[in-house]
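An overview of the molecular structure
Residues per chain, in single letters:
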Amino acid sequence: QVQLVESGGGLVQAGGSLRLSCAASGSIFSINYMGWYRQTPGKQRELVAAITSGGTTNYTDSVKGRFTISRDAAKKIVYLQMNSLKPEDTAVYYCNANLRIKFYLTPGNYWGQGTQVTVSS
């Protein structure tokens, strides 16, 4: 069984910083990519940032230059460093991983439970 456990959310003032962490555990053969999504009430979940097994990163335009995604591949941890936070960054942030639990199985998507990030103005 695969688990993604997030930590690091909280309340911060506009202009402040937070770092989210997500640790993957369980029966994992390989990870193709990991990323962070966010969701606010009444809106679709949106991709914030992702990082592939090769280290390629991708960001949504609204966070470029402010957020940085990184990983510790050996520990199966992905981080999201969020700087210059804005009230519009307020959301529940979800960790996502695309991974194989066996080499012969199709990769599947797994999700964390979500962590609240609130940015006050």
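Notes on the structure follow. (Residues numbered from 1 in each chain as written. Predicted model: local features only at pLDDT ≥ 70, side-chain atom pairs only at ≥ 80, totals over all residues. Heavy atoms only, no water.)

Summed over the entire model, instances satisfying the criterion amount to 4 salt bridges. Asp89 is paired through a salt bridge with Arg38; the nearest N and O atoms lie 3.0 Å apart. Placement of the pair is Asp89 in the loop between strand 8 (77-82) and strand 9 (91-100) and Arg38 in strand 4 (residues 30-39), with a sequence separation of 51 residues. Between Asp89 and Arg66 there is a salt bridge; the shortest N-O distance is 2.8 Å. Residue Asp89 is found in the loop between strand 8 and strand 9, and its partner Arg66 is found in the loop between strand 6 (57-59) and strand 7 (67-72); the two are separated by 23 residues along the sequence. Taken as a pair, Asp89 and Arg66 share a single burial class, namely buried. The structure contains a network of salt bridges with shared partners spanning Arg38, Glu46, Arg66 and Asp89. (Salt bridge = Lys/Arg side-chain N within 4 Å of Asp/Glu carboxyl O. Helix = DSSP H or I, 4+ residues; strand = E, 2+ residues; numbered from the N terminus. Buried < 20%, exposed > 50% of the residue type's maximum accessible area, 1.4 Å probe, protein only.)

Attention now moves to the packing of aromatic side chains. Per the counting criterion, the structure on display carries 3 aromatic pairs. Note on Phe103 and Tyr104: the rings are 5.2 Å apart at their centroids and 85 degrees apart in plane angle, and the pair reads as edge-to-face. The pair formed by Phe103 and Tyr104 is uniform in burial state, with each residue classed as exposed. What links up through ring pairs into an aromatic cluster is the set Phe29, Phe103 and Tyr104. The aromatic ring of Tyr94 is capped on one face by Arg45, whose charged end is 3.6 Å from the ring centroid. The aromatic ring of Trp111 is capped on one face by Arg45, whose charged end is 4.7 Å from the ring centroid. (Phe/Tyr/Trp six-rings, centres within 6.5 Å; stacked < 30°, edge-to-face > 60°. Lys NZ or Arg CZ within 6 Å of the ring centre and 35° of its normal.)

It is worth spelling out a nonpolar patch on the surface at this point. A cluster of nonpolar side chains, namely Phe29, Ile101, Phe103, Tyr104 and Leu105, defines an oily patch on the protein surface of about 530 Å² accessible area. If you trace the backbone, Tyr104 turns up in the loop between strand 9 and strand 10 (108-111). (Patch = residues over 30% accessible without salt bridge, like charges linked within 9 Å, V, L, I, M, F, W, Y side chains within 5 Å. Areas by Shrake-Rupley, 256 points an atom, 1.4 Å probe, with all protein chains shown as cover.)

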